[in-house]
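Overview (structure and organization)
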Amino acid sequence: MAKRFMVLADANNFFASCERVFDPSLEGRPVVVLSNNDGCVVARSEEAKRLGIREGTPWFSMRERARLDGVVARSSNYELYASLSARMMSLMATFLPGQEVYSIDECFFSPADDERRLAAISRRMRRATLAGVGIPVSVGIAPTKTLAKVTNHWAKRHPESGGVALWSDIEREYGDRALAEVSVGDVWGVGRRMTKKLQGLGIVTALDLKRHDHVDIRHRFSILLERTVLELNGVPCVPDDASANDGRRKGEILCSRMFSSPITDFARMSQALSVYSQKACRRLRRQGSLCSLVSAFCATSPFGPPGSYQTIRGAQMLGDPSNDPLAIGKAACDALRDRYDPHARYVRAGVLLMGLRDAGRFTTLAGLEANKDEHHLGSVLDEAARKFGPARVGIGYGGIRGLGRNDDDTGASWTMRRGMLSPRATTRWSEMAVAHAD
Ligand SMILES: [Mg+2]
């Protein structure tokens, strides 16, 4: 029986690479992708990294330098990224069995096969993804997921690997040095707070963590970090989907956003709260929960004149636990109505659903039923979103004129600002790429 391996395929600089697919003029140039409302840098091409641009840099603070350096900035084009991700994933699934999509740009496979053969298949998969979708990926092959992550990073940092690396080769050639070069905070599953505590114990590199007694780690930290130690030692123990939080039930659900321009009147604020409530309800239904407490908040800019910052919050208990977007949207608006200051300029708002419980197991005295979404409005909205895309259908104040590229064609002036959006070439007929032949 062949040994089982973990194969991790992960796109290189995914968002920046997506921007290049339909705009080859960006090839070889430093590209950065900005967060919602064109706030700060969330993705960088290799060239941008080499210029020393850090992730999280606010766009306004680097705009001038970017111009001098010839940096190209793009707004986040999530529609394009999601569509290219789907293409890339389905293409890669034809090469290896047991695909587990872990994030928008990475997936694991866990085949039982000869590792040399797996490396050869991975090279073919890599070429096909580059030729067929236009996205470069790197592949790491190792006995465990944690080591596959390390190996994948290694492949990215060593172009001579051709984008595909085997942990056994790295170990043979570099021995302990390979893990000694990785700082403990960069190990998969080690959070920032944990990093501090580990460093305090003298555990600074991945090699230190590998050599530390795993039982001691369990006692000081958690069984999750103990698994990481075992995985670094080549013992597979991260189960499928364990880290993909989609399937995990959450204790509360928050949906909050910045507005592109401030909101003053309550009617507009109600629109925003209604839309966020619908989004939160979608997540609530997806995980099969009901909520009994709805909290809402809105805040002015913390960068305004001194003393002007204000944030208001309120909460409403629901009579019965519910997943009804109408009841929850109304509760969110009611929670803020009395405290609302019509003279303030609010730049952010959010809806938080709490007191969650399992919809399937909710029973009570007869006559005190859960206020479930009886008209099935929620599922109709979900279905419509699946068929026609998000924000095409909504309820009440939902501000649903389609998310266009300019404020004038969104209808709702508070939606995201995306001033440097590239064409959504794979999902909008009107924005399809045009090729010219001479
Ligand atoms: Mg990636």
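Below: a short report on this structure. (Residues numbered from 1 in each chain as written. Predicted model: local features only at pLDDT ≥ 70, side-chain atom pairs only at ≥ 80, totals over all residues. Heavy atoms only, no water.)

**Description of the sheet that holds strand 2 (residues 31–34)**
Quick reminder of the rule: Two strands form a pair only when DSSP identifies at least two bridges running between them. Comment: elements are numbered from the N terminus, with helices defined as DSSP H or I runs of at least four residues and strands as E runs of at least two. Note on geometry: axes are lines fitted to C-alpha atoms, helical ones only across the stretch in contact, with angles between N-to-C directions running from 0 to 180 degrees.
Here three strands make up an open sheet; going across it, the order is 3-2-4 and the pairing mixed. The open sheet has two edge strands, strand 3 (41–44) and strand 4 (72–75), and neither has a second partner. Each neighbouring strand pair of the sheet contributes to a mean axis angle of 30°, computed without reference to strand direction. Of the strand pairs in this sheet, strand 2 and strand 3 are connected by three bridges, and their pairing is antiparallel. Within strand 3, the residue paired with V33 across the bridge is A43.

**Here we look at the state of the cysteines**
Definition in use: What counts as a disulfide here is a pair of cysteine sulfur atoms lying within 2.5 Å. Only protein chains enter the calculation, and the probe is 1.4 Å; a residue is then buried if its accessible area is under 20% of its type maximum, exposed if over 50%, and partly exposed in between.
For the structure on display, the rule yields zero disulfides. The thiol sulfur of C281 is not disulfide-bonded, and the nearest other cysteine sulfur, from C291, lies at 6.9 Å. According to the relative accessible area criterion, C281 is buried, its value standing at 0%.

**Focus on the pairing of strand 10 (residues 289–300)**
Buried residues dominate strand 10, accounting for eleven of its twelve residues. Here strand 10 pairs with strand 13 (residues 357–358) via two bridges, running antiparallel. Bridge pairing in strand 13 places S289 opposite D358. Bridging between strand 10 and strand 11 (residues 311–322) involves eight bridges; their strand directions are antiparallel. In the sheet register, A296 faces strand 11, and the bridge partner there is G314. As defined by bridge partners, strand 10 adjoins strand 12 (residues 346–354) across eight bridges and the pair is classed as antiparallel. Residue pairing across strands places A299 opposite R348, the latter belonging to strand 12.

**Focus: the packing of aromatic side chains**
Any pair of aromatic rings gets described here by the distance separating the centres and the angle formed by the planes. Test applied: Paired rings are identified among Phe, Tyr and Trp, the last through its six-membered ring, by centres lying within 6.5 Å, and are further divided according to the angle between planes into stacked (under 30 degrees), edge-to-face (over 60) and tilted (the rest). To sit over a ring, a charge needs its Lys NZ or Arg CZ within 6 Å of the ring centre and within 35 degrees of the ring normal.
Tallying each qualifying case throughout the model produces six aromatic pairs. A centroid spacing of 5.7 Å and a plane angle of 50° characterise the contact between F108 and W188, whose relative ring orientation is tilted. Taken together, the residues span a long stretch of sequence, with F108 in strand 6 (residues 106–109) and W188 in the loop between helix 8 (177–180) and helix 9 (192–200) at a distance of 80 residues. Look at W188 and you get buried, because its relative accessible area is 15%. Look at F266 and Y340: their rings are 4.9 Å apart centre to centre, the planes differ by 70°, and that puts the pair in the edge-to-face class. Note that F266 is positioned in helix 13 (residues 266–286) and Y340 in the loop between helix 14 (325–337) and strand 12, a separation of 74 residues in sequence. For the pair F266 and Y340, a shared accessibility class is recorded, and that class is buried. Three or more aromatic residues joined by ring pairs form one cluster here, namely F14, F15 and Y81. Sitting over the ring of F108, K145 keeps its end group 4.9 Å from the ring centre. Across from the ring centre of F221, 4.6 Å away, lies the NZ or CZ of K197, which sits over that ring.

**What to know about unusual backbone geometry**
Outside of glycine, negative phi angles account for most residues, and trans bonds account for most peptide bonds. Even without a glycine there, the phi angle at N13 is positive, about 45°. Secondary-structure assignment places N13 in the loop between strand 1 (6–11) and helix 1 (14–21).

**So, empty space enclosed by the protein**
Using the following cut-off: Whether a set of points on the 1 Å grid over the protein atoms alone is a cavity depends on a 1.4 Å probe fitting there but being unable to get out, while an open set qualifies as a pocket with protein on both sides within 12 Å along at least five of seven lines; lining residues are those with an atom within 4 Å of a point. Grid points are joined across faces, edges and corners, and a volume is the space filled by probe spheres set on the points.
For the coordinates displayed, the defined rule picks out one cavity of 30 Å³ or more. Of the voids in this model, the largest cavity is the one considered here, and its volume is about 40 Å³. Lining of the largest cavity is provided by V150, W154, R157, W167, I170, A178, E181 and V182. Mapped onto the lining of the largest cavity, the elements with two or more residues apiece are helix 6 (145–157) and helix 7 (167–174). For the lining of the largest cavity, the element with the most residues is helix 6, which contributes three residues.

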